[in-house]
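# Summary of structural features
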Amino acid sequence: MEPRESWAALAAGGVAGVCVDLILFPLDTVKTRLQSPQGFRKAGGFRGIYAGVPSTAVGSFPNAAAFFITYENVKSVLHPGSTSYLAPATHMVAASLGEVVACLIRVPSEVVKQRAQVSPSSSTLRILSHTLYHEGIQGLYRGYKSTVLREIPFSLVQFPLWESLKDLWSWKQGHVVDSWQSAVCGAFAGGFAAAVTTPLDVAKTRIMLAKAGSSNASGNVLAALGGIWRTQGLSGLFAGVVPRMAAISLGGFIFLGTYEKTRQLLL
């Protein structure tokens, strides 16, 4: 991959990440509060809907940039000589590695953001300092495994589906899709991936919000899923599925459309 292409992927990914995270932040807050063990109203309801936004603003650019520069570089390494039927596997591997790298930045930002979302009266800085004081750096990485276990299946569905829909649309119309068409493909792919991975997202939220020393604080995803199933059943596992699908469908449209357009402008 040419250095210019790498820089374009980095910049385009960062711009796309900031746009989507800030625009859709209120929906993300609603989803987090619906998934919170204390319930939607006690977690803040519709009050302080932008609680935790400073954490997102700081983490969005490097997080999305890290994902796309990894995704594009891995894809360029694996793609030469690959036959068309191996393309989905290439996209799966590239997206999975991209998520592992991006989560190193995303998880600390996500921990602080989600704790602020369910405690709207506390500032982001206060939550950050409280977490560091009581739990240390490992407190900021609470839920790293559960986040990776959520993001990899999500990306295994979203990115091959996105790439396949773009290829199909390009073939149908006889030329490469425009950025808005790529955005539409991203919305469909993102919404579908969001629906099927919601239980993993609920488990991740419970682990990140768990009090230090509690069973969920250990980060065991299967134990968290089992606890939700026993106490709340299927509805608990799919808590927040509607705002999650809405946010990620809109997010896929904005994120992947902005990424394609910005990358085209830079190359």
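For the structure given in this document, a descriptive report is provided here. In this text, all values refer to a predicted model and were calculated from it rather than measured experimentally.

### What about the packing of helix H4 (residues 87-117) against helix H7 (residues 144-173)?
Where H4 meets H7, the axes come as close as 8 Å, and the angle between the chain directions of the two elements is 140 degrees. Viewed along their axes, H4 and H7 adopt a mutual orientation that is oblique. Here H4 runs over H7; the crossing is right-handed. For the pair H4 and H7, contact is made by Pro 88, His 91, Met 92, Ala 95, Ser 96, Glu 99, Val 100, Cys 103, Leu 104, Arg 106, Val 107 and Glu 110 and by Tyr 144, Thr 147, Val 148, Arg 150, Glu 151, Ile 152, Ser 155, Leu 156, Phe 159, Pro 160 and Glu 163, respectively. Residue composition of the contact of H4 with H7, by class: 13 nonpolar, 4 polar and 6 charged.

### Focus on the packing of aromatic side chains
Throughout the structure, instances matching the rule amount to 13 aromatic pairs. An angle of 15 degrees between the planes, with centres 5.6 Å apart, marks the rings of Phe 67 and Tyr 71 as stacked. Separated by 4 residues within a single helix, Phe 67 and Tyr 71 lie in helix H3 (residues 53-78), roughly one turn from each other. Relative accessible area serves as the criterion here: at 3%, Phe 67 is assigned to the buried category. Each member of the aromatic cluster is reached from another via a ring pair, and the members are Phe 67, Phe 68, Tyr 71, Phe 159, Trp 162, Phe 255 and Tyr 259. For the cation-ring pair, Lys 166 lies above Trp 162, with the distance from its terminal atom to the ring centre recorded as 3.8 Å.

### Quick look at the pattern of salt bridges
Taken as a whole and assessed by the stated rule, the structure comprises 16 salt bridges. Between Glu 135 and Arg 115 there is a salt bridge; the shortest N-O distance is 3.0 Å. In this pair, Glu 135 is assigned in helix H5 (residues 124-135) and Arg 115 in helix H4, connecting sequence segments 20 residues apart. Comparing Glu 135 with Arg 115 shows no difference in burial state: the two are buried. Measuring nitrogen to oxygen at the nearest pair gives 2.3 Å for the salt bridge that ties Glu 151 to Arg 150. For Glu 151, a relative accessible area of 9% puts it in the buried group. Since its relative accessible area comes to 6%, Arg 150 is described here as buried. Overlapping salt bridges, with partners in common, bring together Asp 28, Lys 31, Glu 99, Arg 106, Glu 110, Lys 113, Arg 150, Glu 151, Asp 201, Lys 204 and Arg 244 in one network.

Procedures and definitions
Residues numbered from 1 in each chain as written. Predicted model: local features only at pLDDT ≥ 70, side-chain atom pairs only at ≥ 80, totals over all residues. Heavy atoms only, no water. Axes fitted to C-alpha atoms, helices over the stretch in contact; angles between N-to-C directions. Helix = DSSP H or I, 4+ residues; strand = E, 2+ residues; numbered from the N terminus. Parallel < 35°, antiparallel > 145°, perpendicular 65-115°, else oblique. Left-handed = near helix turned anticlockwise from the far one by under 90°. Contact = heavy atoms within 4.5 Å. Nonpolar A, V, L, I, M, F, W, Y, C, P; charged D, E, K, R; others polar. Phe/Tyr/Trp six-rings, centres within 6.5 Å; stacked < 30°, edge-to-face > 60°. Buried < 20%, exposed > 50% of the residue type's maximum accessible area, 1.4 Å probe, protein only. Lys NZ or Arg CZ within 6 Å of the ring centre and 35° of its normal. Salt bridge = Lys/Arg side-chain N within 4 Å of Asp/Glu carboxyl O.

Just distances and angles here, no functional claims.
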